[in-house]
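The primary structure of each chain is shown beneath.
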Amino acid sequence: MGRKTKKTSKGKPNKSREKVKTTQASSKNTTGEPETDCKNNSHAEFTVDQILDKGEEYIDSFEYEMAQKFCRRALELDSDNIRALETSGSLLLELGKPEKAKQSLGRAVELNPDVGHAKYMYLGQLFDGMQAVQCFQKGIEIMTRTYEEQQKNEVAAACALNSEALTVKDISTAYCSIAELYMTDLCMEENAESECRRHLEQAMELDQDNPEPYQLMASFCLSKDNKEEAKTMIEKSVSLWLPKLQAKAQGDAADDLDPVNTTDMSYSTRISAAQILIEVESMKMASDVLESLLDEDEGVVQVWYLLGWLNYLQGEDYHCNARFYLNKANQVHKKTPSDDQPI
């Protein structure tokens, strides 16, 4: 399909795993072992769901090792508990134990193959090639069915207010995961180009407000030397999230809007967007993206470097600016060395 691009981690329960939500605050102990809020600490007095609820409190505070201990305890009580298997699998993935994650998630698939999409999305991250595609496709099948049932439900309006309810964006992002495979692992397949484009078009059709498929399409178009379409796509993508960040920075956004949650696009994904914008010569938007990244974190050498490179490319009138940004990049690199070899 052309050049092989680097496989990214977007569009999945973030590589990014899906974070389990809870309304309870986490409580901690100093022993490193699961505890209960009861005078008698015997876990036999607690149900599996109660133990998992406690574990999810640690998930909410990103204490994955402690959360995994609660999953293990739950599995001691019920080794085939679907919720415990799926939660444990996602945590093992987060903890860098892919083989154990496969075992846990695989068992969940054996026990309950047609309910619950998350396990398939996690397995899609763990497998390669067509095996990963099949996992994502099964996940999408379940997501689509669940979403349709959700829409038919008499309380669909109430579901829409539920943060855990499926959205078209979730399904759109899942299609992006398959498209990425055809840009990376499966890029040499005979139908890689058509399959990549097809899945991205499906993603865009499902949710026209999801910036991810537009950015991926821009990368795809650049790999085919279609610079004009790439420029259209990346500018569309960035227009869906950059104004929100700028409004927040200027104090024009809602007071309760968390700057971290203003966009679903990760910091590294936004750096990639800036790189694409520079490549298609959309310099003003690239500069705006990079400046917004500096507002968020001034300690990333790549951002300073790209601002220097952007100014250098614009000619002699900008070389003074380029020198400033590149010198700053050098200073930041000395303080926090980058593992990016080209930089």
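Residues numbered from 1 in each chain as written. Predicted model: local features only at pLDDT ≥ 70, side-chain atom pairs only at ≥ 80, totals over all residues. Heavy atoms only, no water.

**Description of the overall build of the protein chain**
Line of reasoning, step 1. Each helix and strand in the protein chain was counted, giving 16 helices and zero strands.
Line of reasoning, step 2. When each of the 343 residues of the protein chain is scored for burial, the buried share is 44%. (Helix = DSSP H or I, 4+ residues; strand = E, 2+ residues; numbered from the N terminus. Buried < 20%, exposed > 50% of the residue type's maximum accessible area, 1.4 Å probe, protein only.)

**Considering helix H13 (residues 267–279)**
Line of reasoning, step 1. Across its 13 residues, H13 extends 19 Å between first and last C-alpha, which sits within 8% of the 18 Å expected from 1.5 Å per residue.
Line of reasoning, step 2. Taken together, the buried residues of H13 touch helix H10 (211–223), helix H11 (227–239), helix H12 (242–249), helix H14 (283–296) and helix H15 (301–313).
Line of reasoning, step 3. One or two steps after H13, the chain reaches Glu281, where phi turns positive at roughly 65°. (Expected span 1.5 Å × (residues − 1). Contact = heavy atoms within 4.5 Å.)

**Observations regarding the nonpolar core**
Line of reasoning, step 1. Counting 74 residues, the largest nonpolar core has Leu200, Ile234, Val238, Trp241, Val289, Leu290 and Val303 as its most contacted members.
Line of reasoning, step 2. The dominant element in this core, judged by the number of residues it contributes, is helix H8 (residues 168–183), at nine residues.
Line of reasoning, step 3. Setting aside residues no more than four positions away along its own chain, Ile234 makes contact with Tyr214, Gln215, Ala218, Ala273, Ile276, Leu277 and Val280.
Line of reasoning, step 4. The next biggest cluster of nonpolar side chains, apart from the first, holds 16 residues, and it includes Ile51, Tyr58, Ala67 and Cys71. (Core = buried A, V, L, I, M, F, W, Y, C linked by side-chain atoms within 4.5 Å.)

**Considering unusual backbone geometry**
With the exception of glycine, most residues fall at negative phi, and the peptide bonds are largely trans.
Line of reasoning, step 1. Residues other than glycine seldom take positive phi values, yet Phe62 does so here, at roughly 60°.
Line of reasoning, step 2. Locating Phe62 in the fold gives a position in the loop between helix H1 (48–60) and helix H2 (64–77).
Line of reasoning, step 3. The backbone phi angle of Asp225 is positive, close to 60°, even though this residue is not glycine.
Line of reasoning, step 4. Mapped onto the secondary structure, Asp225 falls in the loop between H10 and H11.

**A closer look at the pattern of salt bridges**
Line of reasoning, step 1. Under the counting rule described, the total for this entry stands at 19 salt bridges.
Line of reasoning, step 2. With a closest N to O distance of 2.9 Å, Arg107 and Asp80 form a salt bridge. Placement of the pair is Arg107 in helix H4 (residues 98–111) and Asp80 in the loop between H2 and helix H3 (82–94), with a sequence separation of 27 residues.
Line of reasoning, step 3. Here Arg107 falls in the partly exposed class, since its relative accessible area comes to 29%.
Line of reasoning, step 4. One salt bridge in this structure joins Glu201 and Arg197, with 3.9 Å as the shortest N-O distance. Of this pair, Glu201 and Arg197 both sit in helix H9 (residues 192–206), separated by four residues, roughly a single helical turn.
Line of reasoning, step 5. On the basis of relative accessibility, which here comes to 26%, the residue Arg197 falls in the partly exposed class. (Salt bridge = Lys/Arg side-chain N within 4 Å of Asp/Glu carboxyl O.)

**Points about the packing of H14 against H15**
Line of reasoning, step 1. The interhelical angle for the contact between H14 and H15, taken along N-to-C directions, is 155°, at an axis separation of 10 Å. By the angle between their axes, H14 is roughly antiparallel relative to H15. The handedness of the crossing between H14 and H15 is left-handed. Here H14 contributes Met283, Ala286, Ser287, Leu290, Glu291, Leu293 and Leu294 to the contact with H15, which in turn contributes Val303, Trp304, Leu306, Leu307, Leu310 and Leu313.
Line of reasoning, step 2. Partitioning the contact of H14 with H15 into residue classes produces 11 nonpolar, one polar and one charged. (Axes fitted to C-alpha atoms, helices over the stretch in contact; angles between N-to-C directions. Parallel < 35°, antiparallel > 145°, perpendicular 65-115°, else oblique. Left-handed = near helix turned anticlockwise from the far one by under 90°. Nonpolar A, V, L, I, M, F, W, Y, C, P; charged D, E, K, R; others polar.)

**Some points on H3**
Line of reasoning, step 1. Compared with an ideal rise of 1.5 Å per residue, which puts 13 residues at 18 Å, H3 spans 18 Å between its outermost C-alpha atoms and is within 8% of the ideal.
Line of reasoning, step 2. Those residues of H3 lying buried are Ala84, Leu85, Glu86, Thr87, Ser88, Gly89, Ser90, Leu91 and Leu92.
Line of reasoning, step 3. At its buried positions, H3 is contacted by H1, H2, H4 and helix H5 (118–126).
Line of reasoning, step 4. If you check the start of H3, you find a side-chain oxygen 3.2 Å away from the backbone N of Arg83, and it comes from Asn81.
Line of reasoning, step 5. The first or second residue beyond H3 is Gly96, which carries a positive phi of 75°. (Polar contact = N/O pair within 3.5 Å; in protein donor to acceptor, adjacent residues only side chain to side chain.)

**Some remarks on the packing of aromatic side chains**
Any pair of aromatic rings gets described here by the distance separating the centres and the angle formed by the planes.
Line of reasoning, step 1. Counted under the stated rule, the structure contains five aromatic pairs.
Line of reasoning, step 2. Arranged with centres 5.7 Å apart and planes meeting at 20°, the rings of Trp309 and Tyr312 form a pair that is stacked. Remark: Tyr312 and Trp309 occur in helix H15; sequence separation between them is three residues, near one turn of the helix.
Line of reasoning, step 3. The exposure class assigned to Trp309 is partly exposed, which follows from its relative accessible area of 36%.
Line of reasoning, step 4. Given a relative accessible area of 45%, Tyr312 falls into the partly exposed group.
Line of reasoning, step 5. By way of ring pairs, the aromatic residues Trp304, Phe324 and Tyr325 are connected into one cluster.
Line of reasoning, step 6. Geometry around Tyr214 places Lys236 over its ring, the cationic atom sitting 5.8 Å from the centre. (Phe/Tyr/Trp six-rings, centres within 6.5 Å; stacked < 30°, edge-to-face > 60°. Lys NZ or Arg CZ within 6 Å of the ring centre and 35° of its normal.)

**A look at the confidence of the model for the protein chain**
Line of reasoning, step 1. Taken residue by residue, the protein chain gives an average pLDDT of 86. The fraction at 70 or more is 80%.
Line of reasoning, step 2. Low pLDDT, under 50, characterises residues 2–11; the predicted model gives this stretch 32 contacts beyond four residues in sequence or across chains.
Line of reasoning, step 3. This model gives residues 36–43 a pLDDT under 50, and the stretch forms 12 contacts once residues within four places in sequence are excluded. (pLDDT = per-residue confidence, 0-100.)

**Overview of the packing of H13 against H14**
Line of reasoning, step 1. The contact between H13 and H14 brings their axes to 8 Å, and the two run at 155°. Considered as vectors, H13 and H14 are oriented roughly antiparallel to each other. Classified by chirality, the crossing of H14 by H13 is left-handed. Together, Tyr267, Arg270, Ile271, Ala274, Leu277 and Ile278 of H13 and Met283, Met285, Ala286, Val289, Leu290, Leu293, Leu294 and Glu296 of H14 make up the contact between the two elements.

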